[in-house]
Amino acid sequence: KGATPPNIFTDFDWVRRNEKALLEQYGECSIIVYREQVIGVGATYDEALEDAERNLPPDIKEVTPIHERLHHRHPFFRVRPKVAK
């Protein structure tokens, strides 16, 4: 009891490795992932969760999914002012 389910770490790694493709496929949204598969998508966490519940086969009793918010990462530049002499 209390152990982290084995899919949690691999699912987070999978999302990071596939983030660009997931953004292209789903756009900016919330996704629910289980065993390296997107099982739910929505504009909000609640919508993604409802979608995941609709998509789960009825024989599955318990899943340990992860939630991720897909968004484009905007680069920023550190601006350092020149020292006045």
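Anything mentioned here points back to the structure above.
Rules of the game
- Along every chain, residues carry numbers that run from 1 in the direction the sequence is written.
- Only residues with pLDDT of at least 70 get local features here, since the model is predicted, and only at 80 or more are side-chain atom pairs given and counted; chain-wide, interface and lining totals rely on the full set of residues.
- As a rule here, side-chain values cover all heavy atoms of the structure and leave hydrogens and water aside.
- Throughout this description, the term salt bridge denotes a Lys or Arg side-chain nitrogen within 4 Å of a carboxyl oxygen of Asp or Glu.
- Burial here depends on accessible area, computed with a 1.4 Å probe over protein chains only, as a share of the maximum for the residue type. Under 20% is buried, over 50% is exposed, and the range in between is partly exposed.
- The helix count covers DSSP runs of H or I at least four residues long, the strand count covers runs of E at least two residues long, and both are numbered beginning at the N terminus.

**Student:** Break down the pattern of salt bridges for me, citing the residues and quoting the values.
**Tutor:** By the definition in use, this model includes three salt bridges. In this structure, Glu19 engages Arg16 in a salt bridge whose closest nitrogen and oxygen atoms are separated by 3.6 Å. Classification of Arg16 as partly exposed rests on a relative accessible area of 43%. Residue Asp51 pairs with Arg54 through a salt bridge whose shortest N-O separation is 3.4 Å. Here Arg54 and Asp51 lie together in helix H3 (residues 45–55), a separation of three residues that amounts to about one turn. The class for Arg54 is exposed, based on a relative accessible area of 59%.

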